[in-house]
Amino acid sequence: MKQDGIGENLMFGEGRTIDRFMIKESNVTIHTEALFDLEHSNDYRYSLLKSWDNNDTESKRATAILFNPSQATEHILDVTVMNLLNCLIPNPSYNAVEVLNMYPVMRSNPKDFDFHSQVPLDKYLLNLEYIKYALNEKHTDHVILGWGGRPGGLWIDYNKALFEIILQAKKPLYCFGETRDLKKRLQPIHPSRFHLMEKLPDLRMYNFSYQL
């Protein structure tokens with residue numbers, strides 16, 4: 001390999017070389033913080049924070065409130081988190097997203113799980129307390145809603161408490177679009193509904209008013 005700067009070549013396998021100045025090097029560090037339940041860390045996730053380098057001093061931190069965690073941890077990505085990152089990282093307006101959920105239960109297929117009867121009440125109350133803390137005391141510029149079409153009727157009192165926390169925080173609300181729930185009401189669409197290689201729609205302002 002030549003060491004004299006311009007025209008320097010990089011050696012690859014089988015003796016092939018390529019001019020190093022035909023290659024652009026780019027590095028981005030994504031930092032991850034996750035909060036799991038102390039007693040049942042494989043069953044309940046309360047928060048997943050992704051932050052990355054951004055030279056824009058005006059960049060914002062978003063908080064996404066979705067339905068329930070799937071498989072993502074501090075080490076593993078799932079389709080939902082990858083879609084969020086693929087949407088937000090290229091946008092210079094953002095430098096972080098904290099993923100929260102309506103229900104903290106880690107399940108890949110929530111249709112096969114009874115969220116009302118199979119989870120101790122204290123897990124839900126802790127989840128509500130953390131969401132309230134995240135929206136009011138942490139640095140959150142705006143909130144992305146995306147719980148999909150299932151919230152209505154799962155647990156009316158709990159959903160009402162969550163919706164009131166969201167409204168009382170008075171943060172700008174956004175979504176990727178809307179879908180219908182079982183009662184034909186519009187709900188903010190879940191990010192996983194889009195194919196991984198499909199570009200998510202641009203975030204739009206969301207006029208949130210809940211009906212149970």
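The structure under discussion appears in the preceding block.
How each quantity is defined
Each chain has its residues counted from 1, following the order in which its sequence is written. Per-residue local features of the predicted model are confined to residues with pLDDT of at least 70, and side-chain atom pairs are confined, for both listing and counting, to 80 or more; whole-chain, interface and lining totals are unaffected and use all residues. Excluded from the side-chain calculation are hydrogens and water; included are all heavy atoms of the structure. Only DSSP runs of H or I reaching four residues or more are called helices, and only runs of E reaching two or more are called strands; each is numbered from the N terminus. We call two residues contacting when some pair of their heavy atoms lies within 4.5 Å. To be clear on the numbers: accessible area is Shrake-Rupley with a 1.4 Å probe, and residue cover counts the displayed protein chains and nothing else. Stacked, tilted and edge-to-face are the three classes assigned to paired rings of Phe, Tyr and Trp, where Trp is represented by its six-membered ring and a pair needs centres within 6.5 Å; plane angles under 30 degrees give stacked, over 60 edge-to-face, the rest tilted. For the exposure calls, accessible area comes from a 1.4 Å probe over protein chains only, and a residue counts as buried if that area is under 20% of its type's maximum, exposed if over 50%, partly exposed in between. Should DSSP find at least two bridges between two strands, the strands are regarded as paired. With its strands directed away from the observer, a crossover is right-handed exactly when the path from the first strand over the helix to the second travels clockwise. Side-chain atoms alone can form a polar contact between residues adjacent in sequence; in general such a contact is a pair of N or O atoms within 3.5 Å, and within protein one must be able to donate a hydrogen while the other accepts it. Axes here refer to lines fitted to C-alpha atoms; in helices the fit is confined to the stretch in contact. Angles between the N-to-C directions go from 0 to 180 degrees. By salt bridge we mean one thing: a side-chain nitrogen of Lys or Arg within 4 Å of a carboxyl oxygen of Asp or Glu. In this scheme, roughly parallel covers angles under 35 degrees and roughly antiparallel covers those over 145, while 65 to 115 is roughly perpendicular and the rest are oblique. Each residue receives one of three labels: charged for Asp, Glu, Lys and Arg, nonpolar for Ala, Val, Leu, Ile, Met, Phe, Trp, Tyr, Cys and Pro, and polar for the others, Gly being one of them.

Overview of the overall build of the protein
Part 1: Within the protein, the secondary structure is distributed over 3 helices and 11 strands.
Part 2: Each helix and strand of the protein, ordered N terminal to C terminal, gives the series β-β-β-β-β-α-β-α-β-α-β-β-β-β.
Part 3: Nonlocal contacts in the protein, meaning residues at least 24 apart in sequence, comprise 73% of its contacts between residues at least 6 apart.
Part 4: For the protein, the accessible area works out to roughly 12,300 Å², and carbon and sulfur atoms hold 50% of it.

Observations concerning the side chain of Thr80
Part 1: Within the element layout of this structure, Thr80 appears in helix H1 (residues 79-88).
Part 2: Not counting the four nearest positions on each side in its chain, Thr80 is found in contact with Leu66, His190, Pro191 and Ser192.

What about the packing of aromatic side chains?
Part 1: Inspection of the entire model under this criterion finds 6 aromatic pairs.
Part 2: The interplanar angle of 50° and the centroid separation of 4.9 Å between the aromatic rings of Tyr124 and Tyr158 together place this pair among those described as tilted. Here Tyr158 lies in helix H3 (residues 156-169) and Tyr124 lies in helix H2 (residues 121-136), a separation of 34 residues in the sequence. No difference in accessibility class separates Tyr124 from Tyr158, as the two residues are buried.
Part 3: Ring pairs connect the aromatic residues Phe67, Tyr103, Tyr124 and Tyr158, which therefore count as one cluster.

Quick notes on the pairing of strand S6 (residues 94-101)
Part 1: The buried count for S6 comes to 7 of 8 residues, which makes it a mostly enclosed element.
Part 2: Strand direction decides the pairing type here: strand S4 (residues 45-52) and S6, joined by 4 bridges, are antiparallel. Counterpart to Leu48 in the pairing with S6 is Val99.
Part 3: Inspection of the sheet shows strand S5 (residues 60-66) paired to S6 by 7 bridges, in the parallel sense. By the bridge assignment for S6, Ile65 is matched with Leu100.
Part 4: For the crossover from S5 across H1 to S6, the handedness is right-handed.

Description of the side chain of His142
Part 1: Structurally, His142 is set in strand S7 (residues 142-145).
Part 2: Within the structure, the side chain of His142 is placed 3.3 Å from the side chain of Tyr94, a separation counted as a polar contact.

Topic: the sheet that holds S7
Part 1: Reading across the sheet, the 7 strands line up as S3-S4-S6-S5-S7-S8-S11 and stay open at both edges, with mixed pairing between neighbours. Because the sheet does not close on itself, it has two edges, and the strands there are strand S3 (30-36) and strand S11 (204-205).
Part 2: Bridging between S7 and strand S8 (residues 173-175) involves 2 bridges; their strand directions are parallel. Residue pairing across strands places Val143 opposite Leu173, the latter belonging to S8.
Part 3: Sitting on the sheet, H1 touches S4, S5, S6 and S7, and the angle it makes with S4 is about 30°.

Considerations on the pattern of salt bridges
Part 1: This structure, assessed with the given rule, holds 6 salt bridges.
Part 2: A salt bridge links Asp37 to Lys123, with the shortest nitrogen-to-oxygen separation between them at 3.0 Å. Separated by 86 residues along the polypeptide, Asp37 in the loop between S3 and S4 and Lys123 in helix H2 bring together distant segments of the chain. We note that Asp37, like Lys123, is buried.
Part 3: Of the charged contacts in the structure, one is a salt bridge between Arg185 and Asp181, with a shortest N-O distance of 3.0 Å.
Part 4: One salt-bridge network, in which partners are shared between bridges, spans Asp37, Glu39, Asp122 and Lys123.

Notes on the packing of H2 against H3
Part 1: Axis separation between H2 and H3 bottoms out at 9 Å; the angle between their running directions is 10°. As judged from the angle between their axes, H2 and H3 are roughly parallel. Of the residues in H3, those in contact with Tyr124, Asn127, Leu128, Ile131, Lys132, Leu135 and Asn136 of H2 are Tyr158, Ala161, Leu162, Ile165, Ile166 and Ala169.
Part 2: Considered class by class, the residues forming the contact of H2 with H3 number 10 nonpolar, 2 polar and 1 charged.

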